[in-house]
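A closer look at the structure
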Amino acid sequence: MTDRSQQARVGGRVFAWTLLCVGALVMLLPLAWMMCVSLLSPEKAGAAITAGNLLEVFPWDPQWQNYAQALREMGSEEWQGFRDALANSVVVTTLVCAATVLSSSLVGYAMARIPFRGRRTTFLVMLGTMMLPGQVTMIPLFLLFRWLGWVDTLLPLIVPAFFGSAFFVFMYRQFIAQIPEALLEAARIDGMGHLAIWWRVVLPLCQPVTATCAVFTFIWTWNDFLAPLVYLHSDSQNTLAVALNSFRNQYGGLRNVHLLMAASVVTMIPCILLFIAAQKHFVEGLTRGSVKG
Amino acid sequence: MATVTLSSVGKIYEGGVRAVRGVSMSIADGEFVVLVGPSGCGKSTTLRMIAGLEDISEGTISIGDRVVNEVEPADRNIAMVFQNYALYPHLTVKQNLAFGLDRRRRYPSRLRAMFDGDYGRRRLEESSQLDARIAEAARMLGIDGLLRRMPRELSGGQRQRVAVGRAIVRNPAAFLFDEPLSNLDARLRQDMRTELRLLHRRLKSTMIYVTHDQEEAMSLADRIVVMKDGVVQQLGTPGELFRTPANAFVAGFIGTPAMNLIRGRVGASGGAFKWSGGKHSLSPGAGAAADRDALMGVRPERVSIEPGDEGTLETVEVYGETADLVARIGDQRVVARIQTQELRALREGEGVSARFADGHAHLFDAQSGEAIAHGV
Amino acid sequence: MADRSSAHTSIISQLPRLILLFAAAALILWAFVHVVSREWSRFTSRADTIELVAMHWSGDGGPAEDAIVDDALAAFEAVHPGVTVRRMNPGDAGSFYTKLQTMLASGEPPDVFYVGSERLPSFAAMGLLMPLDELVAADQGDGALELSAFYPETLRAFRYDGSRIGSGPLYGIPKDFTTVGFYYNKDLLRRAGVADPTDNWTWDDFLASARAVGQLPDATGAEFVTWPMMVRAYLQSAGLDVVGEDLDDIRLEAPEVMSMLESFRGWRFEEANTLTSGRSKIASGSSVFLTGKVGFAGPFGRWVVPTYRNIPSPTEGGFEWDFAPLPHTAGEPYQPIAAIVSWSVARESKHPELAYQLVKALTDAQGQARMARLGLAIPTIRAVAESDAFLDPTQEPHNDAGYLRDAASAKGLEWPVNPRFEQLLGSRLDQALRTGDQTLAESAADFKRDWAQESASPLAVAQMPPMPWRRLVVIALVLAVVATIAKIAWLRGGTLSMRQRRTERWGFVLASPWLVGFALFMALPILMSLALAFARWRGVSTLDMAQWAGLANFEQILVHDSHFRTSVRVTLVYALLAVPAGQAMALLAALLLNTKVRGIALFRAAWYLPSVLAGVGVSILWRWVFDPEGGLANTMLEPVLRPLGLAPPDWFGRDAGFWGPPAFAIMSLWFIGGSMIVYLAGLQHVPVDVLEAARIDGAGPVRRFFRVTLPLLSPVVLFNLIMSVIGSFQVFTQAFVMTGGEPGDLTRFYVLYLYNMAFETYEMGYASALAWILLIMIMALTALLLRTSAKFVYYEGMKA
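Source: prediction; values computed, not measured. (Residues numbered from 1 in each chain as written. Chains lettered and ligands numbered in written order. Predicted model: local features only at pLDDT ≥ 70, side-chain atom pairs only at ≥ 80, totals over all residues. Heavy atoms only, no water.)

1. As for the state of the cysteines
Residues and elements named next belong to chain A.
- Tallied over the full model, the rule gives zero disulfides over all chains.
- Its sulfur unpaired, Cys 97 is 7.5 Å from the next cysteine sulfur, which belongs to Cys 213.
- Free of any disulfide, Cys 206 has its nearest neighbouring cysteine sulfur in Cys 213, separated by 10 Å.
- Its relative accessible area of 0% is what places Cys 206 among the buried residues. (Disulfide = S-S within 2.5 Å. Buried < 20%, exposed > 50% of the residue type's maximum accessible area, 1.4 Å probe, protein only.)

Shown next, in the form of structure tokens:
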């Protein structure tokens, strides 16, 4: 309208931009540091870490072979440790993601849209379980899986996902509760039972939540450390997180910090890629709350 | 094609709220019936009970010869068009149209068909039949150019057509419409109304239609059901409702502008109606109302307002050809509809009196509102 | 809208996405094929072979140790056809014991495994180990085990009679051991003009050398670690100890002990550069030596040698180094210490005879010689130790004989059976000797009080009846059956129409995954842990050894346990800082990211990214950020604070009492992404027309935020508040990786304490009680929040 308000608006925008940039820098700095260190030679890495000078960390002479070395030395046989760990992580994560999405959305649909007596209580109990520290159930769960004969297989990591996770059931429920009633009624009149409605109407509409759920599950499962450590015994069953930890224990000293960082970066890459790829859907899934025809 | 019969149907929600009570009606095959009433009158609930979306608390509903109280909506062979269209936002128009059809081929039969040997040919046939039906419905509704669009890319009117199309392709025993036009603007509503009427003529199937707009009801219906507070007030053709409203509510609800309902008293002989604006003589048919308090209903078209001293002219609303005069006479308000050219020199604020045409008054009981006499 | 445009974009712009998708699909396919084929072959080859499991850890030997064990196992398999041995290596000793503990608890332990001499009493006392004497006695003829070939002290360390080590049954065959001493940087000593230490040097010699090295520019005299074991080694070098002959006799406050420790404190805190500051956690322990900037590092055993052998020669930028045994005090008698590791057999092993044979094979002279060449430890067979395999003149250290100075007389340290002793001693000594935030007297008094508490606990002394498991199971089953019947009866009743019943059935069917999962993976374990909260159960023993403790766990926690109180305080301080600051930051960030600026999607990604990467790696990263020497935080604070006459805090050291929890709170700000996204979602729901109306009403941006946006956002605030309060009570990984709760208990968060009790002390009953108290606290706080929320939360037709 006036020059003044125009100026104020431009000023505000510049200010916002500056803040955004500074924030992004702060957020990304430690990561950048990690990647830099992973490319340093052993001597430089050790020196850079203790020197307290940020500039020394920059890899002027990137040592890409650090990555090959780190992966080769993961596990007891050359490359085999890394191959097994990668395959296990991928299999577990894929199955867990798929299972979590399917089971959580199914339960979420029931909790949101199918009246049954005790539903409210069930829902409250479900919310309650989200507060439960995992430590409470850990040892009894181990005994249970041992009784089932699942210890040292990937099953204890995968199977629980088929029973839904309270957090995602909650997310799905909140989202599904906002789907217009008429849409589901139309589906019922079009001749669909609850399973068909869930599969053909609800699930496609829940795509944003599904993206969120899949990304979260992926990240949590991929980074999960305690459960694989407890349930898996053999080297061949290790997931990447556990392999990384053994690696840390073996290469944890100042001397090997570059290898440790390289190995850490490798395990982070899938999460970063997935996050970038799904970023749009993911943020949307959390931000878009309602479906409008 | 089927008849739909409701007998003593009632709905009680959890917590004891009664939404509908004792609704009985029989809808003939191919008939267009409109349920009309103010919001909260139970008309939508009734429709949803017919659809199977609500449980029936009392009474029975039959479609054809079958009692459907316990039948799932899917198995009632009905189609429904919703107020907000209820198009599946993740499917194209064509997929939306095909949705119900596709689903109707139940899995067991599909499995059996696979072992039939000529499964491929049958599928091909089926899908070409399906395509033909979709194309026909789309042509009928003028949406054949939109089949590959997504619902969010359509205008309101187009969405409504798709919603109707989705019902048509199913070729159901009965169509149910739940306020399908109320989200459209006035002009579009007018057009769609005409089209629905034409559609009904073409399809000749049973249609049950819910609206709160009496004009829509009047223009569409073979028969109208007026409801209030969960109870049917009157069931009849538009003409019957207009000419012989069963009670003061129906009288006031049907027709634009609304009928004047004037409080007063019928004289001992039944020959005259006395009210704050004077005396109006009644024809002999009014004898049944003799000597009691009554409401006299007169359509605004039958009222004339002339210069006088019984009251004042409050407003003059000109609608082009016609104009409404609103006068306050005593503590009552009287509306007259006249041709604009007859407006003459009447000004707002001037003294007026009201006269009613003979033989066009309805009398209703002052307490119960029940009709006592028509055309007196 | 968005999709339509993306549908029309060219295939080129989709290419990266397509490639990524294809690569992901290929990776997944490969992974499934790999895993399925591997599992299939494992399944089919399982047939009728006997499988033994051998579990060990690898120290600084790394993969080389794995290879040596593998060789030994292969040799064993060759001699015993039809027997396969599976080798497991969970990593370092810490992970090893955690793993071993869960396996022992589950009644399915590995057949043979490493046991450190310091753990022997507690393992043997619980009957987890198989006495080997009979098997040894039965082992006659060719290739029989000759115990006489071993250093006698290494065998004595694995005999336990139920109260003391040294006599009683033999519970393991020692595989190797080490004495301790200092590693020294020959080049630095030469530069400082100091002679190399002799095998017979004294503390005065050590001190003189360290001081001289400390005078050199950019060098420090010594890295002197204060692990409890090494403190005892230091004391024993003067004939002293923290406990008397009777292990319950705490001698920490004895004047000669105090004066010995006091002089150590003086070296560290009153002299510049004689000892390292002990403050940096990254640059501490054996890796400090690698930097070439310390004259001495120790006391360490032989285990650092494989790593130190990687130190380049002086010509390649490294330095020369060697080993000297621990100094002693001139004229005093001394008792050298040894750390000994055995291969032991689990009492539960199904093939004891084979397991014994395996242990024998793993500790035979050949294997020990190979291990010795690796440099990791001293062979327990005297002949091997004194052979060239160990005294290898070609490799550093050259003074291998130095390790053998005390080999015959060194004894394994004996600790009280209760592992809390070592933990408590360690954390208190840390405060006095490493970070210096307490005086020695304070630390000693604290420790004495801690230990008194521990010993006086009703849990420590009372004899308790066995846990009535059978009765509990019966009660639980009866209750479950009754509840199920009642539920079914309740569902049968009621006035529902057929269709409602049908709908309801579908509801149950669709919700059943979670209902079943809840019953199996939640309700069952919860009930079990509830039962355990009333039990005294050492996690390493089997469940039927649990005892009924009644309310003793809770009494001990709430009335006597000062660590519990500290951990609650630490957690509360953290929560009070992290929750409001984090929520405010998250909301601010969300407001910022809700603006329509070019490239906002990228900014959102950048701000959110750290939350995606939570885990071990990130915690390692942040430990470095807060490191007092060279860490990012202090490097940046220094120039700001110096002119004001202030010094940046020593976050996790001397100033941990005040700055420890805040440091974690600062770190938590890095992970606001989750809350931020939820706020962003909420902001996008704030109706634009309401904001516009407010604007027309003349409300400025600040007013608009506080009067319109915030009230409309309040349900989201409540949600985030609850989630972050819960999260702040469950801080674990960061604390575990970054500080381990140290110094003292100053950063011991509640869940970390719980973990320590459960997986380091193995007090599962106690830990279960702690978990339940945590649960109750969290629920109470949530209820409080929900209760008070009515005042500030505005619901707009929100569906409950």
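2. A look at the interface of chain C and chain B
- Contacts between the two partners involve eight residues from chain C and, on the opposite side, 11 residues from chain B.
- Summed over both sides, the interface between chain C and chain B buries roughly 790 Å², with carbon and sulfur atoms accounting for 30% of that surface.
- One can count one salt bridge joining chain C with chain B.
- A salt bridge links Arg 502 of chain C to Glu 72 of chain B; its shortest N-O distance comes to 3.1 Å.
- Scanning the region where chain C abuts chain B turns up two residue pairs in polar contact (both at pLDDT 80 or more).
- Counting residues per element, the ones that place at least two in the side of chain C that touches chain B are helix 1 (2–8) and helix 22 (498–533) of chain C.
- Considering each element in turn, the side of chain C that touches chain B owes the most residues, four residues, to helix 22 of chain C.
- Of the residues belonging to the side of chain C that touches chain B, the class tally is two nonpolar, two polar and four charged. (Contact = heavy atoms within 4.5 Å. Buried area = accessible area lost by both parts, 1.4 Å probe. Salt bridge = Lys/Arg side-chain N within 4 Å of Asp/Glu carboxyl O. Polar contact = N/O pair within 3.5 Å; in protein donor to acceptor, adjacent residues only side chain to side chain. Helix = DSSP H or I, 4+ residues; strand = E, 2+ residues; numbered from the N terminus. Nonpolar A, V, L, I, M, F, W, Y, C, P; charged D, E, K, R; others polar.)

3. What to know about the domain arrangement of chain B
- Once the domains are mapped, chain B shows domain 1 (4–241) and domain 2 (260–374).
- Summarising the inter-unit geometry, the C-alpha centres of domain 1 of chain B and domain 2 of chain B are found 42 Å apart. (Domains from an automatic or database assignment.)

4. Focus on the sheet that holds strand 17 (residues 332–339) of chain B
Residue and element names in this part refer to chain B.
- Read across the open sheet, the four strands follow the order 17-16-15-18; overall the sheet is antiparallel. The open sheet is flanked by strand 17 and strand 18 (351–356), the only strands paired with a single partner. On average, adjacent strands in this sheet sit at an angle of 50° to one another, irrespective of strand direction.
- Taken together, the seven bridges between strand 15 (residues 303–319) and strand 18 define a ladder with antiparallel strand orientation. (Pairing = 2+ DSSP bridges. Axes fitted to C-alpha atoms, helices over the stretch in contact; angles between N-to-C directions.)

5. Examining empty space enclosed by the protein
Residues and elements named next belong to chain C.
- Summed over all chains, the structure comprises eight cavities of 30 Å³ or more.
- When its volume is computed, the largest cavity comes out at roughly 140 Å³.
- Surrounding the largest cavity, 15 residues form its lining, Lys 175, Leu 362, Gly 367, Gln 368 and Met 371 being those nearest its centre.
- Put simply, the parts of the chain that give the lining of the largest cavity at least two residues each are helix 3 (63–79), strand 6 (173–179), helix 15 (365–374) and strand 12 (378–379).
- Considering each element in turn, the lining of the largest cavity owes the most residues, four residues, to helix 15.
- Its residues assigned to classes, the lining of the largest cavity shows 11 nonpolar, two polar and two charged. (1 Å grid on protein atoms, 1.4 Å probe; cavity = no way out; pocket = protein on both sides within 12 Å on 5 of 7 lines; lining within 4 Å. Points joined across faces, edges and corners; volume = space filled by probe spheres on them.)

6. Observations regarding the sheet that holds strand 2 (residues 18–27) of chain B
Residue and element names in this part refer to chain B.
- Taken together, the four strands give an open sheet; going across it, the order is 2-1-4-5, and neighbouring strands pair in antiparallel fashion. Each edge of the sheet is formed by a strand with only one pairing partner; in this case those strands are strand 2 and strand 5 (66–67).
- One ladder, built from five bridges, connects strand 1 (residues 4–12) with strand 4 (residues 58–63); its direction is antiparallel. By the bridge assignment for strand 4, Leu 6 is matched with Ile 61.
- In this fold helix 1 (residues 43–51) packs onto strand 1, strand 2 and strand 4, with an angle of close to 120° to the strand it touches most, strand 1.

7. A word on the pairing of strand 7 (residues 174–178) of chain B
Residue and element names in this part refer to chain B.
- Of all five residues in strand 7, five are buried; the element is thus mostly enclosed.
- Residue alternation in strand 7 divides its side chains into two sets, Ala 174, Leu 176 and Asp 178 and Phe 175 and Phe 177, and both sets are buried.
- Note on the crossover from strand 7 through helix 6 (residues 186–203) to strand 8 (residues 206–211): the handedness is right-handed. (Right-handed = clockwise from strand over helix to strand, strands pointing away.)

8. So, the packing of helix 4 (residues 80–113) of chain A against helix 11 (residues 207–223) of chain A
Residue and element names in this part refer to chain A.
- Contact pair helix 4 / helix 11: the axes reach a minimum separation of 9 Å and the direction vectors enclose 145°. For the pair helix 4 and helix 11, the crossing hand works out as right-handed. Between helix 4, through Leu 86, Ser 89, Val 90, Val 92, Thr 93, Val 96, Cys 97, Thr 100 and Val 101, and helix 11, the contact on the second element is made entirely by Thr 210, Cys 213, Ala 214, Thr 217, Phe 218, Thr 221 and Trp 222.
- Considering only residue class, the contact of helix 4 with helix 11 consists of 10 nonpolar, six polar and no charged. (Left-handed = near helix turned anticlockwise from the far one by under 90°.)

9. Quick word on the pattern of salt bridges
- Applying the stated rule across the entire model yields 48 salt bridges over all chains.
- The partner of Glu 58 of chain B in a salt bridge is Arg 18 of chain B, and the shortest N-O contact between them spans 2.7 Å. Taken as a pair, Glu 58 of chain B in strand 4 and Arg 18 of chain B in strand 2 lie far apart in primary sequence, 40 residues in all.
- Overall, Glu 58 of chain B belongs to the partly exposed group, its relative accessible area being 26%.
- The residue Glu 54 of chain B makes a salt bridge to Arg 48 of chain B at a minimum N-O spacing of 3.2 Å. The residues Glu 54 of chain B and Arg 48 of chain B share a single accessibility class, namely buried.
- By sharing partners, the salt bridges in this structure join Glu 185 of chain A together with Lys 11, Arg 48 and Glu 54 of chain B into a single network.

10. Quick look at the packing of aromatic side chains
- Enumeration according to the criterion identifies 80 aromatic pairs over all chains in this entry.
- Ring centres of Trp 275 of chain B and Phe 356 of chain B lie 5.5 Å apart, and the angle between their planes is 40°; this geometry places the pair in the tilted category. With Trp 275 of chain B in strand 12 (residues 272–275) and Phe 356 of chain B in strand 18, the pair connects residues that are 81 residues apart, well separated along the chain.
- Seen from their ring centres, Trp 622 of chain C and Phe 626 of chain C are 5.8 Å apart, and the 40° between their planes marks the pair as tilted. The pair formed by Trp 622 of chain C and Phe 626 of chain C is uniform in burial state, with each residue classed as buried.
- Through pairs of rings, three or more aromatic residues link up here, namely Tyr 574, Trp 622, Phe 626, Trp 651, Phe 652, Phe 658, Trp 659, Phe 664, Trp 670, Phe 671 and Phe 749 of chain C.
- Across from the ring centre of Phe 123 of chain A, 4.0 Å away, lies the NZ or CZ of Arg 173 of chain A, which sits over that ring.
- Just above the ring of Tyr 97 of chain C sits the side chain of Arg 119 of chain C; from NZ or CZ to the centre is 3.9 Å. (Phe/Tyr/Trp six-rings, centres within 6.5 Å; stacked < 30°, edge-to-face > 60°. Lys NZ or Arg CZ within 6 Å of the ring centre and 35° of its normal.)

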